[in-house]
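# Observations on the model geometry
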Amino acid sequence: MSTKYIFVTGGVTSSLGKGIICASLGRLLVARGLKVTVQKLDPYINVDPGTMNPYEHGEVYVTDDGAETDLDLGHYERFLDIKTSQTNNVTTGRVYYDVIKKERQGAYLGKTVQVIPHITDEIQSHVLKLGESGEYDVVIVEIGGTVGDIESLPYVEAVRQLRYNVGRANTLSIHLTLVPYLAAAGELKTKPTQHSVKTLSESGLQPDILVCRSEHHLDASIRNKVARFCNVENEDVIESIDARSIYEVPLLMQKEGLDTRVIEKLGLKTDKEAKLDNWIGFVEAVCNPSGEIKIALVGKYVEHHDSYKSIVEAFIHAGAVNDCKVKVVWVQSDDLTPKNIGTALSGVSGVLVAPGFGGRGIDGKLTAVKYARENGVPFFGICLGMQCAVIEYARNVCGWDGANSTEFDDNTEYPIIDIMHDQKDIENMGGTMRLGKYKCKVKEGSYAHKAYGEDIVEERHRHRYEVNNNLRYKLTEEGMSFTGMNPERDLVEIVEIADHPWFVGVQFHPELRSTVNNPQPLFVDFVKASLKYAKTNELYKPSKKTGMPVN
Ligand code: GLN
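Residues numbered from 1 in each chain as written. Predicted model: local features only at pLDDT ≥ 70, side-chain atom pairs only at ≥ 80, totals over all residues. Heavy atoms only, no water.

Surveying the vicinity of the ligand reveals the residues Pro-355, Gly-356, Phe-357, Cys-383, Leu-384, Gln-387, Glu-407, Arg-462, His-463, Arg-464, Tyr-465 and His-509. Here a nitrogen atom of the ligand and a backbone polar atom of Arg-462 are 2.9 Å apart. At a separation of 2.8 Å, an oxygen atom of the ligand approaches a polar backbone atom of Tyr-465. For the ligand, the protein covers 99% of the area, taking 300 Å² as the surface of the free molecule. (Near = heavy atom within 4 Å. Polar contact = N/O pair within 3.5 Å; in protein donor to acceptor, adjacent residues only side chain to side chain. Areas by Shrake-Rupley, 256 points an atom, 1.4 Å probe, with all protein chains shown as cover.)

Have a look at this one:
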């Protein structure tokens, strides 16, 4: 069976949840026994999102192979339980970068280099790379942006050509659109969808299936109207109603028959029944947890929840395992002081100090670490959060006043966190951190070892600074244990305080590999410890089993 390509475009507005629709369709096809991957094409000129501010772009999702990518790749991994790589995310910046490099090498043999055919050819070759690997039955390609945007045009044109090049029967075009409800008229309106399909068709791409986001159910007459005016069959109008949780979307799409229509149209040979028992159990656990606990997420980008997307999702996975909803309490680190910390963290059963870059909000983070350490509140520090735990310990337990990271203070007497040796001479910002999957040897008897149940684990990284090996002896003497080390380079990966109910800091990003089917073990154990803390301190709220929405 040759690889089939499904192209997913979006119309009317952004933020309709194209990534979730792609991930949900992917999950349904995987559940039918197919090998599937998802690729994201992003129409911006950054080569990758690695240089973008979290307010601008949200979280940068790092893959095993160290690519800094769009956060939608996180959804693909979490839903499909697959590993993505650099090939799964292509931006306009990367496409132009590659074309210009080739032009400088003289690869175009004297031709004028143009958007068509050179840019569109380059886009096609990026898409075909995944199919040609021979690993997949289906490649779902999400085209970022909204149809009609100037920057999306080369992508739509590349898809139009690709459909011809690989044969129409091997491709499918799905368009995600909005059917808004006008309260004053008491009606759902189809006109925006008609216009969006018209715009797409003018670019030569007729959708085969329309997925319609709506706050109300689409009745037969609305479906009929959309079908008639957009040149699709009635069965190809798929309703996508607001869900209780994003994880419910695959089940809603299955009810609407999205997977069945895709399979029929592409002539895919699949298992008859989708295996979704685990998924259904998970959604049930997410939507009807036995109780609720609060965990503080201390960070400086908290106004923009997408900056911490994978952490929030990892809490949902870990909450389901522990049969409780984790309610994230967003705490702005800029505002934290020793005076208000008690109030800011009152009622929480766990404290997570988040990753980040730069000095803003560091004092607040250190205050949060101290509070959790001194009051026996379960603590989880991730990347910068772990570095803060080490700095706090050096200052307040070892008595090294002014101990710091050289990221924030070049002249500190105690540079307990310092720039990695091989980072010192790097000048370019893009793609130059310690990125991707590295090994960590976990010490027996540690919290981390209990959680993982393994001696060697592999986790993903994104940092330039590390614990200073010349100074860490002092912390060991004073009771901080270094329970995870990178065996190749002797870099500290995990720190713990043994005589604390649960105090773990990790240099890596465990949140990036938490999936529905494989929740990340440290998150599961942190939530378990927080649950214990909540029950002991009467912070646990049993639910009435009413099916509370989680997201
Ligand atoms: N700024 C820190 C470093 O570069 C931490 C990075 C992070 O939290 N991802 O080492």
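Here we come to the side chain of Ser-240. Looking at the element boundaries, Ser-240 is found in strand β11 (residues 237–241). Every residue in contact with Ser-240, bar those within four places of it in the chain, is listed here: Ile-21, Val-211, Cys-212, Arg-213, Ser-214 and Met-253. (Helix = DSSP H or I, 4+ residues; strand = E, 2+ residues; numbered from the N terminus. Contact = heavy atoms within 4.5 Å.)

Bringing the packing of aromatic side chains into the picture now. Counted under the stated rule, the structure contains 19 aromatic pairs. Between the aromatic rings of Tyr-247 and Trp-279, the centroid separation amounts to 6.1 Å while the plane-to-plane angle is 55°, which identifies the pairing as tilted. Highlighted residues: Tyr-247 in the loop between β11 and α9 (249–255) and Trp-279 in helix α11 (residues 277–287), separated in sequence by 32 residues. In this structure, Tyr-247 and Trp-279 share a single accessibility class: buried. Centre to centre, the rings of Phe-315 and Phe-523 are 5.3 Å apart; their planes meet at 80°, and the pair counts as edge-to-face. Of this pair, Phe-315 sits in helix α12 (residues 309–321) while Phe-523 sits in helix α18 (residues 521–536), placing them 208 residues apart in sequence. Accessibility classification places Phe-315 together with Phe-523 in one group, the buried group. (Phe/Tyr/Trp six-rings, centres within 6.5 Å; stacked < 30°, edge-to-face > 60°. Buried < 20%, exposed > 50% of the residue type's maximum accessible area, 1.4 Å probe, protein only.)

Our next topic: the nonpolar core. Nonpolar side chains tend toward joint burial in soluble globular proteins. Ile-6, Leu-29, Ile-140 and Val-262 are the most contacted members of the largest nonpolar core, which totals 50 residues. If one sorts the elements of this core by residue count, helix α1 (residues 18–31) sits on top with eight residues. Ile-140 has contacts with Ile-6, Val-8, Cys-22, Leu-25, Gly-26, Leu-29, Val-36, Thr-37, Val-38 and Gln-39, leaving out every residue within four places of it along the chain. In terms of nonpolar packing, the next biggest core, distinct from the first, is built from 42 residues, Val-331, Ala-389, Ala-394 and Phe-503 among them. (Core = buried A, V, L, I, M, F, W, Y, C linked by side-chain atoms within 4.5 Å.)

With parallel pairing, the seven strands of this open sheet are ordered in space as β5-β2-β6-β1-β7-β10-β11. Across the chains shown, the open sheet's two edge strands, defined by having one partner strand only, are β5 (89–91) and β11. Looking at each pair of strands side by side, their axes are set apart by 20° on average, direction ignored. Relative to β11, strand β10 (residues 209–214) runs parallel, the two sharing five bridges. Each residue of the ladder has a partner; that of Val-211, found in β11, is Ile-238. Helix α7 (residues 191–202) rests against β1 (4–10), β7 (171–178) and β10 of the sheet, and its axis sits at about 145° to β7. Along the sheet, helix α10 (residues 258–266) contacts β1, β7, β10 and β11; its crossing angle with β7, the most-contacted strand, is approximately 150°. (Pairing = 2+ DSSP bridges. Axes fitted to C-alpha atoms, helices over the stretch in contact; angles between N-to-C directions.)

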